[in-house]
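Chains, contacts and geometry: an overview
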4 protein chains.
Amino acid sequence: MTANTQQEQRSAYYGQIAQQHLSPLWESLHNLVPKVPRPQIIAAIWKYAQIRDLVMQSGAVISAEEAVRRVLVLENPGLPGKSSMTTTLYAGLQLILPGELAPSHRHTQSALRFIVEGQGAWTAVNGERTTMKPGDFIITPSWTWHDHGNPSVEEGGEPVIWLDGLDIPLIVNLDAGFAENYPESTQPISRPEGDSFARYGHNMLPVRHRVTDPTSPIFSYPYERSREALDTLYRNGELDGWDGVKLRYVNPATGGSPIPTMATFMQFLPAGFSGRTYRSTDATVYCVVEGSGTARIGDNAFSFEPHDIFVAPSWQPVALAASSDAVLFSYSDRPVLSALNLLREERI
Amino acid sequence: MTANTQQEQRSAYYGQIAQQHLSPLWESLHNLVPKVPRPQIIAAIWKYAQIRDLVMQSGAVISAEEAVRRVLVLENPGLPGKSSMTTTLYAGLQLILPGELAPSHRHTQSALRFIVEGQGAWTAVNGERTTMKPGDFIITPSWTWHDHGNPSVEEGGEPVIWLDGLDIPLIVNLDAGFAENYPESTQPISRPEGDSFARYGHNMLPVRHRVTDPTSPIFSYPYERSREALDTLYRNGELDGWDGVKLRYVNPATGGSPIPTMATFMQFLPAGFSGRTYRSTDATVYCVVEGSGTARIGDNAFSFEPHDIFVAPSWQPVALAASSDAVLFSYSDRPVLSALNLLREERI
Amino acid sequence: MTANTQQEQRSAYYGQIAQQHLSPLWESLHNLVPKVPRPQIIAAIWKYAQIRDLVMQSGAVISAEEAVRRVLVLENPGLPGKSSMTTTLYAGLQLILPGELAPSHRHTQSALRFIVEGQGAWTAVNGERTTMKPGDFIITPSWTWHDHGNPSVEEGGEPVIWLDGLDIPLIVNLDAGFAENYPESTQPISRPEGDSFARYGHNMLPVRHRVTDPTSPIFSYPYERSREALDTLYRNGELDGWDGVKLRYVNPATGGSPIPTMATFMQFLPAGFSGRTYRSTDATVYCVVEGSGTARIGDNAFSFEPHDIFVAPSWQPVALAASSDAVLFSYSDRPVLSALNLLREERI
Amino acid sequence: MTANTQQEQRSAYYGQIAQQHLSPLWESLHNLVPKVPRPQIIAAIWKYAQIRDLVMQSGAVISAEEAVRRVLVLENPGLPGKSSMTTTLYAGLQLILPGELAPSHRHTQSALRFIVEGQGAWTAVNGERTTMKPGDFIITPSWTWHDHGNPSVEEGGEPVIWLDGLDIPLIVNLDAGFAENYPESTQPISRPEGDSFARYGHNMLPVRHRVTDPTSPIFSYPYERSREALDTLYRNGELDGWDGVKLRYVNPATGGSPIPTMATFMQFLPAGFSGRTYRSTDATVYCVVEGSGTARIGDNAFSFEPHDIFVAPSWQPVALAASSDAVLFSYSDRPVLSALNLLREERI
């Protein structure tokens, strides 16, 4: 049989089976089961200097109340129109102006807020408000009511911008999204600010606390304390050739990640640090807190300054360097990969 | 400002931010964060009577060796061209003819084989072969060498068809796929058939066994034993209004699912059983082993006979009924949802 | 100060503080915190040939009903009067004659039964009876009603003797013992024999089973299956220089030990096997099922024959040898030590 | 047969079986398997006012170096001569004078130090020193080198007294004690003070930290922070009818107790608090940090003042009341009971 004839026969067969919603694996196997990950997303950076004004302009385009959440989604250029930063993670910059309210709702998607600029706005979760300061890491657990607000100018309010990190694409892929609006614009406040931190944040837990949920019972991890930990370790001589000084946030009731679908990290790179190259299957979103430097990701070299946001796709080589003392916050889907025994990493 | 003007302004703004790879969340929020899951996949059934001949014809279209894996992929009609049965799971029918070999390889995707028709073919995993019989549930753990073969006609071989269930779409979404070919067409055999079952299958474990992997150390769960368990329980009076008699396969070293990304089940529905309605966020693929009946899924009512394969999307109401004693095998991504605290189910 | 004077002063001081229930640690530190374990129990063997008649005579001394449990306790000679085999474990030989009943009760102590001689007696746990055969390993979980009985001679009953293993001394040390008598001599039977094995014993679990208790949901691990597993592995070439072929019984819902306070093992030593020496912090009680050989424990060398029972104290060197194909059942407090990070073992 | 005859026969039989190290269970069953716990230990209090001078005098009786550990053991009056506070726990008051060293050693027993009086002494664990202040809770994990010291008077040293809590009796009962002396009197110091707290204490962990040990990686839980947490919760309105405001210390890497064999707690009872009665199977040792009140334990009513130490046996009813704002530290074997599924508690 000639190759042509064979190909024709196969095509005919493929047409026939397609009517039964069948397709030949052997034509797609190499795509479905690649030798190494071939992510659709690409490495990219959003320079805060270029987008800050656009974020601020969104305040004139729509109110927080009408928008429900006034967020500019950072769309990975490899996944246009998908509102996705990676195949599992979402990233957006949310603006809340003095006197505004973002109304209360809940959803199965978990959220993290990393405060970029401004202070004094609050988020309310489970009846407790948390006031935002730059560098704070705040979580909104799955299926908890949450609303955000900002004091009026008269009360000292100022525009606040934060990075929203959510597992939206993952939940889309798992078809597991549920959502509800709260009947009022804000939920009732039943506990003073700081209550959950006092209850769970001091390496102690309420004596009858039972872990029924993988999410951290602490809502806010203040920058002040995270920064102090990094500083102390650096002064004590800690410096990893790849990571600099790098800590992961934990749920103090389990030692796991604060959110079951997202790991979060903060790391310090001293001025002059030139990190070695690593790669990992957890695509990671970085947000620069302080300092400047360079991120080499695959074939790219991104210069970064404070508040820049960049993303490293799965399995692409990453090397970080700092020209001034730098602090980076980052998040990834590492706990998902770990839970499914799919995390692979390599230090090169 | 008129609505038109506002809309024009917003459009202009959207165009402006798009250049920075930014998009307005408020235009897509309701799609990204739905009130309830809105799966792209649809309920569907593949009638074995209609596809069996096509599967057998594949034997003439391509050899197992050339195909590497000669499989007809069951493509969910809601996800055409995606080689996916659900957003996380793949299903295919694999044919291996007497005397054929499907060459050895390994990949991070986990696989299950559920034997549909024929016997005597084998799969080799970790240096041990397992011979297939209809109804057997066999696993290929992530990143283990595996090859399949069938004795020649002279040796008594006959065509064997099995259902392949893999987590391919999940691994694609997680960008965590790695694969390798073995240098030879078959891996060396180092242990007699049945060794792993003797070692791990009798409610005992080797005294120094350590769990380093979430996957079951048993490769084959023979139908004979699963069927006997269901029979005994039914004779003992067990009958759930929704499930009939339903067991889940377990990894005997942990009590978890045999595969970290897929749960597998077998259930018995006695003749005349008319099950109540439930729904769950784990989209589920069913394969009929014995008997006939009806599966109501969402607005569909599928009649099923032996070897038919059907799928129930996330959160669609499902009710199963049997006109003759029926046995159903099924698999889903339940352990993924459980691990991430996203499993939700409802008995109606 | 002379040594005498100092000693007198110290004595005076010790007398003074004793009135306040205080004592000087420095006088007892070396005893309280020894360099290596110094068990009070000693290695010992009970030759079945010497004690079988005494066990049978107990049937004339007292009825099962009056005794509640007609058991001869094997008292470690190092702990006389303590009803203890080790500091945590108890061992006894229970006799039940045809037509007798041992009335129903429950207690927080967990129990295992290892059937030594005779068959046809039953134990009832959680509404299900299990019939005993030599070599079967049967458990009575903590705080479950249990009663034992034996058919009358007319119904084919014969005297049955089994080894009782309990965690009585451990529970005494933890002050955690609770007990209750059932209002009737037997509990009601609600499920046919074999139900729990069908439900949990086939590497499958009921789909909605939740682990709420660390104890195995299987009550009986039949000898036939355990023996078959050992045989198969031996035929497959498995033979460890220290253990021969050794399996541990597991709770199929967790992979842990069937009882949270006691591990249980069965091992095969082929004729001519001369095992190497090991030691471990879990003191272990052995019961010979088949065959004969020698157990070297510390400075002792015990010849063993079927049904002999011997004990190895913590950290004493143990080496086992077989003159004919031998099968040994054993149990220890290993899961207690493991849970508390106190297990230490050494292969010499 | 008359009762006398029967008793004679039984006695004869008992004598006969005793020679084979066998005893009749039916004569001891009610003692071995009691209806409720019958602890040998008794409720007791040590009034600091009565024992402080004796503790200080120990400094003249023996040097820290000669004593290795200069500790007065608080012996439960129900267990005289056993150096035990409960059947599993030990309690002692250790004195270290300015300029003294308690030489380095390690043992499988875990230890906690609760600082009672004085400050500036240090303990070194794993190459890191921790300076003591009253109310600090400090741990010495199993099998870690540790030594204690105190600056000289010239350097500002003052006598320091702390409560030692260890699991010595438990380890004795498990025959699992190992110990070693360090070749030098102090271990080398490799990390600055506060390093482990910076590394693990801020609800963050090193990114590559793996849990290989159940013991907390934090060595010191400073009083300042624990007190602040209790204060905040009390101001926020938290007050349990039984416990007042009660927190348990946790291992931040797991959420479990800092030590696998001992749970530790701190609770606040406001002036006027009159707690309700509870009981539990974990015998508990209390040390008063601040304030005064009454502890009713079984039939006893103990008035307590700062630094008093009292013990509540298993299952005895306990009710705590405060006449002035009181803070109590306590420890028990609760994780042992929990791990073995033997914890039972009741609020009355």
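Residues numbered from 1 in each chain as written. Chains lettered and ligands numbered in written order. Predicted model: local features only at pLDDT ≥ 70, side-chain atom pairs only at ≥ 80, totals over all residues. Heavy atoms only, no water.

1. Concerning the overall build of chain A
Counted only if it meets this: The numbering of helices and of strands both runs from the N terminus, where a helix is a DSSP run of H or I of at least 4 residues and a strand a run of E of at least 2. Exposure categories follow from relative accessible area, calculated using a 1.4 Å probe and restricted to protein chains: below 20% of the type maximum is buried, above 50% is exposed, and the middle band is partly exposed. What makes two residues a contact is simply this: any of their non-hydrogen atoms within 4.5 Å. The sign given to each residue is positive for Lys and Arg and negative for Asp and Glu; His and the chain ends receive no count. We put the charge of a Lys on NZ, of an Arg on CZ, of an Asp on CG and of a Glu on CD.
Secondary structure summary: chain A contains 8 helices and 24 strands in total. A principal-axis box enclosing the C-alpha atoms of chain A has dimensions of 85 × 50 × 50 Å. Looking at chain A as a whole, 63% of its 348 residues qualify as buried. Nonlocal contacts in chain A, meaning residues at least 24 apart in sequence, comprise 74% of its contacts between residues at least 6 apart. For chain A, the distance from the average position of its 27 positive side-chain charges to the average position of its 37 negative side-chain charges is 7 Å.

2. Notes on unusual backbone geometry
Residues and elements named next belong to chain B. Although it is not a glycine, Asn203 sits at a positive phi angle of roughly 60°. Relative to the helices and strands, Asn203 resides in the loop between helix H6 (195-200) and strand E13 (204-206). The residue Trp315 is not glycine, and still its phi comes out positive at about 70°. Its place among the elements puts Trp315 in the loop between strand E21 (309-312) and strand E22 (318-322). Using a relative accessible area of 9% as the deciding quantity, one classes Trp315 as buried.

3. Comments concerning the sheet that holds strand E14 (residues 220-221) of chain B
Selection rule: In short, DSSP must find at least two bridges between two strands for them to pair. Only the stretch in contact is used when a helix axis is fitted, and all axes are lines through C-alpha atoms; the angle between N-to-C directions ranges over 0 to 180 degrees.
Sheet architecture is open: 7 strands sit in the order E1(A)-E3(B)-E4(B)-E11(B)-E6(B)-E9(B)-E14(B), paired in antiparallel fashion. Each of the sheet's edge strands pairs with one partner strand only, and the pair in question is strand E1 (22-24) of chain A together with E14 of chain B. In this sheet, strand E11 (residues 160-166) of chain B lies alongside strand E4 (residues 90-96) of chain B in antiparallel orientation, the contact comprising 7 bridges. Bridging from a neighbouring strand, Ile96 of chain B pairs with Val160 of chain B of E11 of chain B. Running at roughly 150° to E1 of chain A, helix H1 (residues 3-18) of chain A makes contact with E1 of chain A together with strand E3 (71-74) of chain B of the sheet. This element, helix H3 (residues 48-61) of chain B, spans E1 of chain A together with E3, E4, strand E6 (111-117) and E11 of chain B of the sheet and lies at about 55° to E4 of chain B.

4. A word on the arrangement of the chains
Separating chain A from chain C is a minimum C-alpha gap of 14 Å, and the two share no contact. Structurally, chain B and chain D remain out of contact, their C-alpha atoms never closer than 14 Å.

5. Thoughts on the relation of the copies chain D and chain C
The cut-off we apply is this: In this comparison the copies share one frame, found by least squares on the C-alpha atoms of residues holding pLDDT of at least 70 in both.
Each copy of the sequence occupies a distinct position, and chain D is placed on chain C by a rotation of 180° and an axial shift of 0.0 Å, giving an RMSD of 0.0 Å. Interpreted geometrically, this transformation is the action of a two-fold axis. For chain D, the residue whose C-alpha comes nearest the rotation axis is Ala339 of chain D, separated from it by 3.3 Å. An overlap of 100% is found between the interface residues of chain D and their copies at the interface of chain C, pointing to a shared contact surface.

6. Quick word on the UniProt feature "domain: Cupin type-2" (unreviewed entry) in chain A
Counted only if it meets this: UniProt positions are given in the numbering used here, feature names are shortened, and annotations may be inferred rather than shown by experiment.
Per the UniProt annotation, the sites labelled "domain: Cupin type-2" (unreviewed entry) are residues 93-154 of chain A. The distance from the first to the last C-alpha atom of residues 93-154 of chain A is 25 Å, and the span holds 0% helix and 55% strand.

7. Examining the nonpolar core
A general tendency of soluble globular proteins is for nonpolar side chains to be buried together. Residue and element names in this part refer to chain D. Defined as follows: The criterion is simple. A nonpolar core is a set of buried Ala, Val, Leu, Ile, Met, Phe, Trp, Tyr and Cys residues joined through side-chain atoms within 4.5 Å.
The biggest cluster of nonpolar side chains holds 62 residues, and the ones touching the most others in it are Leu93, Phe114, Leu163, Met266, Phe329 and Tyr331. Element by element, the count of residues in this core is highest for helix H3 (residues 48-61), at 5 residues. Beyond its immediate chain neighbours, meaning those up to four positions away, Leu93 contacts Tyr48, Ile51, Val55, Arg70, Val71, Leu72, Leu74, Val116, Ile161, Trp162, Leu163 and Ile309.

8. A few points about the pattern of salt bridges
Heads up, the condition is: Whenever Lys or Arg places a side-chain nitrogen within 4 Å of a carboxyl oxygen from Asp or Glu, that contact is recorded as a salt bridge.
On inspection of all chains with the given rule, the structure shows 80 salt bridges over all chains. Between Arg279 of chain A and Glu346 of chain A there is a salt bridge, with the nearest N and O atoms lying 2.8 Å from each other. On the criterion of sequence distance, the pair formed by Arg279 of chain A in strand E17 (residues 278-280) and Glu346 of chain A in strand E24 (residues 345-347) is long-range, its members being 67 residues apart. The shortest N-O distance in the salt bridge between Arg113 of chain B and Asp164 of chain B comes to 2.6 Å. Residue Arg113 of chain B is located in strand E6, and its partner Asp164 of chain B is located in strand E11; the two are separated by 51 residues in the primary sequence.

9. Notes on the packing of helix H3 (residues 48-61) of chain C against helix H1 (residues 3-18) of chain D
Using the following cut-off: With respect to orientation, any angle under 35 degrees is reported as roughly parallel, any angle over 145 as roughly antiparallel, any angle of 65 to 115 as roughly perpendicular, and every other angle as oblique. When the near helix sits turned anticlockwise from the far one by under a right angle, the crossing is termed left-handed; a clockwise turn instead gives a right-handed crossing. Residues are grouped as follows: Ala, Val, Leu, Ile, Met, Phe, Trp, Tyr, Cys and Pro are nonpolar; Asp, Glu, Lys and Arg are charged; every other residue, Gly included, is polar.
Interhelical geometry of H3 of chain C versus H1 of chain D gives an angle of 165° and a closest axis separation of 11 Å. Judged by the angle between their axes, H3 of chain C and H1 of chain D are roughly antiparallel. For the element pair H3 of chain C and H1 of chain D, the recorded crossing hand is left-handed. Residues Leu54, Val55, Gln57, Ser58 and Val61 of chain C of H3 of chain C form the contact with H1 of chain D, whose own contacting residues are Arg10, Tyr13, Gln16 and Ile17 of chain D. Looking at the contact of H3 of chain C with H1 of chain D residue by residue, the classes come out as 5 nonpolar, 3 polar and 1 charged.

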